[in-house]
Structure formats: C-alpha cells, structure tokens
Amino acid sequence: MGKRRRTRVFAGVGAVLASLVVLTTVVLTRADRHPEPGTLMVVSVTATAMTALKPDMPLRPAPVPSAIAKLPKPTLTADTGCRIGRGSAELPAVPAAVSRRVDEAWDRLERWLSGHAPKSAKALPPAASPAAIAKLQKDIGVPLPPELVASLERHDGSGPVELLPSYTPASADGIAYDAKMMCDIMAGLANESAGYWWDGQVVPFAVDGAGSLLVLDQRPGHGGQVGEHHEDGELEFGGRPTSLTDLLEQTATALETGRPLRDFLPNAEKGELDWVFIR
C-alpha cells in the first residue's frame, strides 16, 4: 500500500520536473538569438540532446502542468468505518457473567503481581470513571465491547506495566487518541486501505510502543475478536484469543505457570514484570 502510493507520487513529480525543463529550454532558445555565453552553452547542449533523439521533431513549447504546486490526494470512496465524535454516550449494559470473568482474571493478575512483581502491582492505575468510559465511546464512534467496559472499570489501562506479552493496555484517553490518529491517517489514504490496513470500527486497546496495536473487532458479525495491527501490514485476526477476557485469562495462566504465551515468557526482575521473547 505505502510503496504503491509513493511510486505514484514520485512518478507525478518526475513528470512535472520534466515538463519544466523542456519549457525552460524553449523560452531560452526563442527569447534571444544572442543570449549570454553561459546561457548559450546550456541551451545548445539541451537542444542538441533533443535533436539527437528526434532530428525531425520541431521544438515546441511543452504544456504547463495545471497543478505544479500541489499534487492531488487520492479520492477515498470506500467506507473507512470511522465515526469519530459520533458515538453514543450511553454505555452498553455489562452482563453479570462478563463482569465476573473479567474481575476474576484481574484478581489473578493482581495476586501474581503482588507476590512476584510488587513494583508493577503498585503502578497499576485505578479504575476509569463511568464518565471517562462514556466519553471514550462517544469520541471514537464505536460501541464498546462490554468486556472492555468491565476491564476499564477495574483499571484504566495498565499504566507503565507491560501487562500483556509485549503490549500495554491503554487508558480510556489513550484508546481515544489512537482511534482518532488512525482515522486521521485513513483520511489521506487510497480506498484500498479501508478494512485492510485499518477500519474505524475496530477498537485499539493496547500498544507496543513501536507502532503496533491490539484491537477488538466491533464490525458487525465479528463479535469483538482480538486482532493485531502492524504499521506496515494489514489487520490480522486468527491464532489469538477470541476475546479480551480470554486474553486476560491466558495471560494470568502464563504468569501463574511460568509457561510462554505467544512466544513470550513471563519474567519478574527487580520487582517488575517483564516478557522475554523466546524465538
């Protein structure tokens, strides 16, 4: 996607520069039969090169490009799914079963952190307020999955703690920031990127600090599935926990058993949680 777009831009700039060179040559050649010596040398060399290419071709002024100063952006015709600022301020009801599973997963995470990585345990932020969560949904224009609401009601992200393998759960403000940023980028891309590189109906809930995001797929029929976005690739789904709750539970199990989760092994060093890449 990025390479194709850059190729089109470079080709357009090349055509503009080529037209300007030809136009300058024509003006210098016809403006004065006796130009300055330095100018005569430039004109002579350019004209000779053109004659060598096509001896019988008359020297005509090249058409001036109509948009030299600014190349037009591609027209976005596909629906990006972005509804920034147009969401409902009324949060979805969180079923008791969902809330119970999310709370139990957080209980396990907190218990392990307290016993093995107390610095990380103390660094976890408090719960997000209901007003902050409602504002998040309104800002990103996407109905929040009930399990994300339940998790934010427990902790507003994980602060500086890399709670998930190579990822840090984001706060309500962080989620809103990332969602808006991605939709701003989509506004300037060709329509081939919609639903492929990004879709405004996925919720970015965790970051890795290197341009990648974990997302919850809120497109109709996708059921909040966990996916991954890489800056130079496409949205990827499959081979991951099917939900945020599953991801929290699997992370807790990895911490409790010391077994790897998706090629990362949990490690506690100097009172802080760390993940070691093992492949």
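Residue positions are given per chain, counted from 1 along the sequence in the order it is written. Predicted model: local features are reported for residues with pLDDT of at least 70 only, side-chain atom pairs are reported and counted for 80 or more only, and whole-chain, interface and lining totals are derived from all residues. As a convention, hydrogens and water are excluded, and side-chain values are obtained from all of the structure's heavy atoms.

Asker: Explain the packing of aromatic side chains to me, please; I cannot follow it from the model alone.
Answerer: Two numbers describe a pair of aromatic rings. These are the distance of the centres and the angle of the planes. Pairing of aromatic rings covers Phe, Tyr and the six-membered ring of Trp, with a centre-to-centre limit of 6.5 Å; geometry is then stacked below 30 degrees between planes, edge-to-face above 60, and tilted otherwise. Applying the stated criterion across every chain yields a total of one aromatic pair. Ring geometry for Phe 264 versus Phe 277: centroids 5.2 Å apart, planes at 55°, classification tilted. Highlighted residues: Phe 264 in strand β6 (residues 264-269) and Phe 277 in strand β7 (residues 272-277), separated in sequence by 13 residues. By relative accessible area, which is 17% here, Phe 264 ends up buried. To sort residues, take the accessible area from a 1.4 Å probe on protein chains only and compare it with the maximum for the residue type: under 20% means buried, over 50% means exposed, and anything in between is partly exposed. Overall, Phe 277 belongs to the partly exposed group, its relative accessible area being 49%. Numbered from the N terminus, helices here are DSSP runs of H or I no shorter than four residues, and strands are runs of E no shorter than two.

Asker: When you look at the pattern of salt bridges in this model, what are you seeing that I'm missing?
Answerer: Once their charged atoms are close, side chains differing in charge can pair, the charge on each being opposite to the other. By definition, a salt bridge exists where a carboxyl oxygen of Asp or Glu is found within 4 Å of a side-chain nitrogen of Lys or Arg. Using the criterion set out here, one finds 14 salt bridges in the structure. Between Arg 219 and Asp 199 there is a salt bridge whose closest N-O contact spans 4.0 Å. A residue pair is termed long-range when its members are at least 10 positions apart, and Arg 219 in the loop between β3 (213-217) and β4 (225-229) and Asp 199 in the loop between α7 (172-186) and β2 (202-207) qualify at 20 residues. The class for Arg 219 is buried, based on a relative accessible area of 18%. Through salt bridges with shared partners, one network takes in Asp 103, Asp 107, Glu 110 and Arg 154.

Asker: Any chance you could explain a nonpolar patch on the surface here in plain terms?
Answerer: Judged by side-chain polarity, Tyr 177, Met 181 and Ile 185 come together as a nonpolar surface patch covering roughly 290 Å² of accessible area. Tracing the chain through its elements places Tyr 177 in helix α7. The class of Tyr 177 is exposed, set by a relative accessible area of 56%. Patch members must show over 30% relative accessible area and no salt bridge, and they are joined within 9 Å when carrying like charges or within 5 Å when they are nonpolar side chains of Val, Leu, Ile, Met, Phe, Trp or Tyr. Methods summary: accessible areas were calculated by the Shrake-Rupley approach with a probe of 1.4 Å, and residue burial reflects only the protein chains presented.

Asker: For this particular structure, what's the right way to read the environment of Asp 274?
Answerer: You can see Asp 274 is positioned in strand β7. Between the C-alpha atoms of Asp 274 and Phe 264, which are ten residues apart in sequence, the distance is 9.5 Å. Those residues in contact with Asp 274 that lie beyond four places of it in its chain are Leu 265, Pro 266 and Asn 267. A contact between two residues is defined here by any heavy atoms of the two lying within 4.5 Å.

Asker: Just checking my understanding: could you explain the state of the cysteines for this structure?
Answerer: Each disulfide consists of one covalent bond between the sulfur atoms belonging to two cysteines. A pair of cysteine sulfur atoms is labelled a disulfide when the two atoms are within 2.5 Å. Scanning all chains against the criterion turns up one disulfide. Paired through a disulfide, Cys 82 and Cys 183 show a sulfur-sulfur distance of 2.0 Å. Handedness of the Cys 82-Cys 183 disulfide follows from its S-S torsion of about -95°: it is left-handed. Taken as a pair, Cys 82 in the loop between α2 (37-53) and α3 (96-116) and Cys 183 in helix α7 lie far apart in primary sequence, 101 residues in all. Using a relative accessible area of 14% as the deciding quantity, one classes Cys 82 as buried.

On their own, these measurements won't tell you what the molecule is for.
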